[in-house]
Amino acid sequence: MNGIHDLGGMDGLGPVIREDNEPVFHEEWERRMFALFISAFAGGHFNVDMFRHAIEKMDPVHYLESSYYEHWLAAIEDILIADGSITKAELEARMADLAKEAA
Amino acid sequence: MSHDHDHGSSMSDTALRVKALESLLSEKGLVDTEAMDELVETYEHKVGPRNGAEVVAKAWTDPAYKDRLLGDATAAIAELGYSGVQGEDMVVVENTPDVHNIVVCTLCSCYPWPTLGLPPVWYKSAPYRSRVVRDPRGVLEEFGVSLPAGKQVRVWDSNAELRYLVLPERPAGTEDMSEEELAGLVTRDSMIGTAVVERPAG
Amino acid sequence: MPLTKDMVPGLVATGASARVDADVAPKVKPGDTISVRNINPVGHTRLPRYIRGKKGTVDRDHGVFVWPDTAAHGQGETPQRVYSVYFTAQELWGSDYPDNDRLYIDLWDNYIDPA
């Protein structure tokens, strides 16, 4: 698909910003997201091409504004909801529960 | 897309979603939390650019190894114990006085994990992915690398399942250094192609 | 069954190669000139826009791999060869660009035609 992910040759996306002594992960949730992806992949929920396509189908504005691991989150959610592993309602309910616990 | 849901907690919406996802999948027996911990430990502490630096230093000091590396990179890298996820099919491209190589993945963020670890944020960013295929010399200037006009730049867009590692040029003045000392000079960026390996100071 | 802790080292060290053990005759060989198909699939593809319709030279034959365009949609592996192909910067971006610089990209049989 001619999506937002196909960036080669585009202008206007700004300078390349580097970080000295960059850590492997910046946030705890990135660690969990990384491991969730590998685990779900190993569990046979998708192949790498399905996963990449799920990222490509993201809302283009969200794609550009979000980070790499947020792309992974969007793709995993999309795939696991589509294959019936979880429902959107379940996920929202669990988020609400966890938010209450953390409050 | 806004992340303005108010869950009344200090966690970001993203962090909360990931936590909820892990909690649900773990409860359903689809993921194992201990396996996840082990994956994080592996990629945060065991896999990284020191692996690639070891490959480069060996290629600099052992011509037969270098031949094997340029001929069948996957097998040669496996000789040093590095293989697997996102390095299943490797290609090593050699910098020379006439050629400078630089690697990108314009469509996503493909990167050789076994030799370099997980990619830095800039490698995955829209600015790098969009610009380096068209203006590699401009991007290299920003990284502090100025190439003579006569040197050929080869950009490698790793759009398929081959993963690319740059074999940088060995700096002059390092003839007496051991393989281990040489590995200490090799940076992550020099193996992506956004840097050259500097001669040690002094 | 989920991935368990004891399976992690094996998974990490082995991965999952997209190489396919299938006998597919090469369509082109190193040194050949090819043209990239100008196609605009609405599904998944690994053929970026900036390369479509351009002429390049085959550098090497990587062997036979899964084709993402079908694999992403549960339509099978469609095994075919992948070649490293280079394009001059001027072919891709026009005469203002350095005449000696190149871009290399990996292209499946279904993305190219012999020129």
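Residues numbered from 1 in each chain as written. Chains lettered and ligands numbered in written order. Predicted model: local features only at pLDDT ≥ 70, side-chain atom pairs only at ≥ 80, totals over all residues. Heavy atoms only, no water.

A look at the overall build of chain B
The helix and strand inventory of chain B stands at 11 helices and 4 strands. Reported as C-alpha extents along the three principal axes, the dimensions of chain B are approximately 60 × 35 × 35 Å. Taken across its 202 residues, chain B has 60% of its residues classed as buried. Put simply, chain B shows about 7600 Å² of open surface, and 48% of that area lies on carbon and sulfur atoms. A gap of 5 Å separates the mean positions of the 19 positive and 33 negative side-chain charges of chain B. (Helix = DSSP H or I, 4+ residues; strand = E, 2+ residues; numbered from the N terminus. Buried < 20%, exposed > 50% of the residue type's maximum accessible area, 1.4 Å probe, protein only. Areas by Shrake-Rupley, 256 points an atom, 1.4 Å probe, with all protein chains shown as cover. Lys, Arg positive; Asp, Glu negative; His and termini not counted. Charge placed at Lys NZ, Arg CZ, Asp CG, Glu CD.)

Overview of the sheet that holds strand S1 (residues 33-36) of chain C
If you trace the 7 strands from one edge of the open sheet to the other, you get S2(B)-S3(B)-S4(C)-S3(C)-S2(C)-S1(C)-S5(C), paired in mixed fashion. The open sheet has two edge strands with one neighbour each: strand S2 (99-104) of chain B together with strand S5 (112-114) of chain C. Recorded for the sheet is a direction-independent mean angle of 35° between the axes of neighbouring strands. Here strand S3 (residues 80-88) of chain C runs beside strand S4 (residues 102-108) of chain C; their pairing, made up of 7 bridges, is antiparallel. Note on S4 of chain C: the bridge partner recorded for Tyr 83 of chain C is Leu 107 of chain C. (Pairing = 2+ DSSP bridges. Axes fitted to C-alpha atoms, helices over the stretch in contact; angles between N-to-C directions.)

Remarks on the packing of helix H1 (residues 28-42) of chain A against helix H1 (residues 13-27) of chain B
The interhelical angle for the contact between H1 of chain A and H1 of chain B, taken along N-to-C directions, is 40°, at an axis separation of 9 Å. The orientation of H1 of chain A with respect to H1 of chain B, classified from their angle, is oblique. The element H1 of chain A and its partner H1 of chain B pack so that their crossing is left-handed. Where H1 of chain A abuts H1 of chain B, its residues Trp 29, Arg 32, Met 33 and Leu 36 of chain A lie against Thr 14, Ala 15, Val 18, Leu 21, Glu 22 and Leu 25 of chain B. Residue composition of the contact of H1 of chain A with H1 of chain B, by class: 7 nonpolar, 1 polar and 2 charged. (Parallel < 35°, antiparallel > 145°, perpendicular 65-115°, else oblique. Left-handed = near helix turned anticlockwise from the far one by under 90°. Contact = heavy atoms within 4.5 Å. Nonpolar A, V, L, I, M, F, W, Y, C, P; charged D, E, K, R; others polar.)

Structural notes on the interface of chain B and chain A
Accessible area lost upon the coming together of the parts serves often as the stated size of an interface. Contacts between the two partners involve 55 residues from chain B and, on the opposite side, 55 residues from chain A. The junction of chain B with chain A conceals about 5200 Å² of combined surface from both sides, 64% of it contributed by carbon and sulfur atoms. Here chain B is connected to chain A by 9 salt bridges. The salt bridge involving Arg 52 of chain A is made with Glu 161 of chain B; its shortest N-O contact spans 2.7 Å. If you list the elements that add at least two residues to the side of chain B that touches chain A, you get H1, helix H2 (33-46), helix H7 (121-124) and helix H8 (126-131) of chain B. In terms of residue count, H1 of chain B provides more of the side of chain B that touches chain A than any other element does, 14 residues in total. When grouped by side-chain class, the residues that make up the side of chain B that touches chain A number 29 nonpolar, 11 polar and 15 charged. (Buried area = accessible area lost by both parts, 1.4 Å probe. Salt bridge = Lys/Arg side-chain N within 4 Å of Asp/Glu carboxyl O.)

Some thoughts on the side chain of Thr 70 of chain C
Of note, Thr 70 of chain C is situated in helix H2 (residues 68-71). Not counting residues up to four positions away in its chain, the partners in contact with Thr 70 of chain C are Gln 75, Gly 76, Glu 77 and Thr 78 of chain C.

Observations regarding the confidence of the model for chain B
Scored by pLDDT, chain B has a mean of 94; 95% of the residues are at 70 or more. The model gives residues 1-7 of chain B a pLDDT under 50, and that stretch makes 13 contacts with residues more than four places away or in other chains. (pLDDT = per-residue confidence, 0-100.)

Some details on the state of the cysteines
All names here are of chain B. Applying the stated criterion across every chain, the model contains 0 disulfides over all chains. Cys 105 carries a free sulfur, and the closest cysteine sulfur to it, the one in Cys 108, is 3.6 Å from it. Looking at Cys 105, the relative accessible area reads 0%, which means it is buried. Free of any disulfide, Cys 108 has its nearest neighbouring cysteine sulfur in Cys 110, separated by 3.5 Å. Overall, Cys 108 belongs to the buried group, its relative accessible area being 16%. (Disulfide = S-S within 2.5 Å.)

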